[in-house]
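This is what each chain is made of:
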Amino acid sequence: MMDNLRTAANSPVLKIVLALIILSFVLTGVGGYLTSGTGSYAAEVNGQTISRAQLEQAFQQERNMLQEQLGDKFSVLASNEQSMKQIRSQVLERLINNVLIDQYSRELGLSASDEQVKDAIRNISYFQINGKFDNNKYLDFLNRSNLSPDIVAEQTRQNLINQQLIMVFSGSEIVLPGEVKLNAELLLQQRAIRLATLELKKVHVQQEVTDKDLQDYYNLNKNSFIAPEEVKISYIRMDAADEMDKVSVTSVDIDSYYEHNLKRYTQSEQKKYSLIQLATEAEAKVVLDELNKGADFGKLATEKSTDKFSAKNKGEIGWMEENSLPEEMKKANLQEKGQISSVIKVPNGFAIFHLDDIKPQIIKPLSEVRSEVEKTIKQEKAVDAFYALQQKVSDAATSDNESLTSAEEVSGIKIVTTGWFDRNNVPAEINFGPVIHAIFESNLVDGQGPTGANSDVISVEGDRAFVLRVDNYKPETVQPFEQVKKQVTELVKRQKAEKQLQVESERLLTALKEGKGEQVLKDAGIQFGEPQVIQRTSQNNALVDAVFALPQPKEGKAEYGSVKNSLDDVVLIQLDKVTPGVISEEQIKGMTDGYQNEIGNSMLESLLINLREKAKIKFGHIE
């Protein structure tokens, strides 16, 4: 079981889950996206909507953080349209996973107090200077990310709840110290080696080729020397961001939106609960009797509750809203501060609940959220205007299929004309999968050349769209021999060099294993380098794999092997000694905790996979 769980813990899915849950809200963004939006949706998860506006806000947060982390290098990433499209898709996947985890956390009744949220925000290293919270840095982040403090608080609250979920799973399995010790000794094992390298480039320059060699290679590999089809196109580019400056928001708009979405700005009544859980009903009744006689609830929870997580906090399980209460707590029906429930049957035993405190419902006044409402309305109006523009351009391009002139007139956007390009060298502004497909694989070209038709409107990542036509076309052709002769020469020389190097390395390796290697290496003009010690955790994975695949030396005799490096050189390996790993009891304890968390994370991965399998997820329009 341990091996299976560790395998799962290293899977790409788990890494996504951990990135989702463990990273701070600055990267993931949660709470503000768990409410339904009024615009077109990006996804719907079990009836809960993630709107396009929410996705856009999460995407902008991601961009801002990447820009902060990468500095000047961010411009390289931002200019790659495919990378930005991938980031947007990853953001949406995280939002979907967040909704699923949030829904499940609510079923379990997990929560976080306002004080915990405040402390968590102040402890985020991104907002600190010299280890202390810096309010100006915090406010600057809010301003650049278009976030309100309330959204940040809800995001942080959700992160804390998710961390509780991790703790629930990480404490549910037992790891044996003996198993940890064995694995650690293998992981920390050291191997003393020496290396000798046969360089491909030295063999490559020695190769001689004839015209016949080159011509034969070319004839056999003509399909490797095909000049791809090329086109020149004209297009009109539409961008939703351009519509932001064209729309306006009135006071009537703001008042109406606020009234119709009052729930978004309402903090429901919250109740703070504590819990004492016992294994049997008889034990629970004894404790209830003590409570009724005036015993301190927190003290009894600490001493007797079998729920160790809440027992550490005097039984406190935090603030909850009525709609997130588990059925067991609803049965308790606690309405007044200080009220104690009867004994309630729960999945892991019997519980007594205590209502610690009550926060009344709070509706934020419009004056407090006005700027937030205005931003939301403006964004949604811009998206609506963008779709209206697409419809106008589509109608014009269809009506006048001989050119893009009509589309240019109705949109007010100038036509752009490109030079020659192929599908592997598309201009950056139009380098999107749907655009490339439309150019090279639709009805815009045929065997004779351009068909003279306009494309439909093509929507792409980042709320952008294009309408285009192919102006000129060159079909795919085989490049003539003389044009690629230099390239063929290098390929033939490399092929010969690789074969020669392989034969030579096998000869040397055989001599080494027979104990005759010293003179053979000298004749080949190479020698083993200085001794070095490597572990499984070393960076060169190919070399490490080859070294640790060798059997241990016996009776002082070295073992030999070989591996190719990144340059396709052949590296000969001489393994001289193997030293078992050494680990202290303190290190074993630390690694045991790590394995415990690994198991919990693996179980969490399984939970998320299960939630996704059962969930009803419907994708909307995200590009």
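- You'll find the protein entered in an unreviewed UniProt entry as Periplasmic chaperone PpiD, with Photorhabdus australis subsp. thailandensis given as the organism.

Section: the overall build of the protein
- Along the protein, the regular secondary structure elements total 25 helices and 23 strands.
- For the protein, the proportion of its 623 residues judged to be buried stands at 43%.
- Taking contacts inside the protein between residues at least 6 apart in sequence as the whole, the part at least 24 apart equals 76%.
- Here the protein displays about 33,600 Å² of accessible surface, and carbon together with sulfur accounts for 49% of that area.

Some details on the sheet that holds strand S23 (residues 617-619)
- Spatially, the 3 strands line up as an open sheet ordered S2-S1-S23, and their pairing is antiparallel. Edge positions in the sheet fall to strand S2 (48-51) and S23, since each has one partner strand and no second. Ignoring strand direction, the axes of neighbouring strands in this sheet form an average angle of 15 degrees.
- Strand direction decides the pairing type here: strand S1 (residues 41-45) and S23, joined by 3 bridges, are antiparallel. When the sheet's bridge partners are listed, Ala43 is paired in S23 with Phe619.
- Relative to the sheet, helix H4 (residues 52-70) contacts S1 and S2, its axis offset from that of S2 by approximately 55 degrees.
- Across the sheet, helix H6 (residues 81-108) is in contact with S1, S2 and S23; its angle to S1 comes to roughly 30 degrees.

A closer look at the layout of surface pockets
- Considering only enclosed or pocket space, the second largest pocket measures out at about 1,100 Å³ in volume.
- Lining the second largest pocket are 35 residues, and of these Leu108, Leu110, Leu275, Asp307 and Ile317 sit closest to its centre.
- Sorting the residues of the lining of the second largest pocket by element identifies H6, helix H9 (149-170), strand S9 (270-278), helix H17 (308-311), strand S10 (316-321), helix H18 (327-332) and strand S12 (349-359) as the ones contributing at least two each.
- A per-element tally of the lining of the second largest pocket places H9 first, with 6 residues.
- When its residues are assigned to classes, the lining of the second largest pocket shows 18 nonpolar, 11 polar and 6 charged.
- The residue makeup of the lining of the second largest pocket includes at least three contributed by each of domain 2 (42-172) and domain 5 (269-360).

Considering the side chain of Arg94
- If you trace the backbone, Arg94 turns up in helix H6.
- Of the polar contacts made by the side chain of Arg94, one reaches the side chain of Glu62; its length is 2.6 Å.

Thoughts on the pattern of salt bridges
- Applying the stated criterion across every chain, the model contains 23 salt bridges.
- The residue Glu62 makes a salt bridge to Arg94 at a minimum N-O spacing of 2.6 Å. On the criterion of sequence distance, the pair formed by Glu62 in helix H4 and Arg94 in helix H6 is long-range, its members being 32 residues apart.
- On the basis of relative accessible area, Glu62 is assigned to the buried category, the value being 9%.

Remarks on the environment of Asp213
- For Asp213, the position within the fold is in helix H12 (residues 211-220).
- Residue Asp213 is classed as partly exposed on the basis of its relative accessible area of 25%.
- Separated by 276 residues in sequence, Asp213 and Thr489 have C-alpha atoms that sit 8.8 Å apart.

A word on H12
- Among the residues making up H12, those that are buried are Leu214, Tyr217 and Tyr218. Considered in projection along H12, the buried side chains sweep an arc of 100 degrees and stay on one side of the axis. Opposite its buried face, H12 presents the exposed residues Lys212 and Leu220, each directed more than 90 degrees away.
- Each element contacted by the buried residues of H12 is listed here: strand S19 (477-478) and helix H22 (481-513).

Brief notes about the pairing of strand S21 (residues 559-564)
- Summarising the sheet, S21 and strand S22 (residues 570-579) pair through 6 bridges and their orientation is antiparallel. Following the sheet pairing, Ser562 is matched in S22 by Leu572.
- The antiparallel hairpin formed by S21 and S22 contains 5 residues in its connecting segment, where Asp568 sits at a positive phi of about 70 degrees.

Observations regarding the packing of H4 against H6
- Interhelical geometry of H4 versus H6 gives an angle of 120 degrees and a closest axis separation of 9 Å. One way to sum up the angle between H4 and H6 is to call them oblique. By crossing handedness, the relation of H4 to H6 is classed as right-handed. Residues Gln54, Leu55, Glu56, Ala58, Phe59, Glu62, Arg63 and Leu66 of H4 pack against Met84, Ile87, Arg88, Val91, Leu92, Arg94 and Leu95 of H6.
- Counted by class, the contact of H4 with H6 contains 9 nonpolar, 1 polar and 5 charged residues.

Remarks on the nonpolar core
- One finds Ile50, Leu92, Ile96, Leu100 and Phe127 to be the most contacted residues of the largest nonpolar core, which totals 39 residues.
- Among the elements of the structure, S1, H4, H6, helix H7 (114-122), helix H8 (135-145), H9 and helix H25 (585-614) are those that each provide at least two residues to this core.
- Within the second largest apolar cluster, 21 residues are counted, among which are Val435, Ile439, Val445 and Leu468.

Observations regarding the side chain of Gln189
- If you trace the backbone, Gln189 turns up in the loop between helix H10 (177-187) and strand S5 (190-198).
- Overall, the relative accessible area of 7% leaves Gln189 in the buried class.
- Here Arg191 takes part through its side chain, which lies 2.9 Å from a polar atom of the side chain of Gln189.
- In contact with Gln189, not counting residues within four places along its chain, are Ile534, Gln535, Arg536, Phe548, Gln552, Val578, Thr579, Pro580 and Gly581.

Cut-off values and rules
Residues numbered from 1 in each chain as written. Predicted model: local features only at pLDDT ≥ 70, side-chain atom pairs only at ≥ 80, totals over all residues. Heavy atoms only, no water. Helix = DSSP H or I, 4+ residues; strand = E, 2+ residues; numbered from the N terminus. Buried < 20%, exposed > 50% of the residue type's maximum accessible area, 1.4 Å probe, protein only. Contact = heavy atoms within 4.5 Å. Areas by Shrake-Rupley, 256 points an atom, 1.4 Å probe, with all protein chains shown as cover. Pairing = 2+ DSSP bridges. Axes fitted to C-alpha atoms, helices over the stretch in contact; angles between N-to-C directions. 1 Å grid on protein atoms, 1.4 Å probe; cavity = no way out; pocket = protein on both sides within 12 Å on 5 of 7 lines; lining within 4 Å. Points joined across faces, edges and corners; volume = space filled by probe spheres on them. Nonpolar A, V, L, I, M, F, W, Y, C, P; charged D, E, K, R; others polar. Domains from an automatic or database assignment. Polar contact = N/O pair within 3.5 Å; in protein donor to acceptor, adjacent residues only side chain to side chain. Salt bridge = Lys/Arg side-chain N within 4 Å of Asp/Glu carboxyl O. Arc of directions from axis to C-beta. Parallel < 35°, antiparallel > 145°, perpendicular 65-115°, else oblique. Left-handed = near helix turned anticlockwise from the far one by under 90°. Core = buried A, V, L, I, M, F, W, Y, C linked by side-chain atoms within 4.5 Å.

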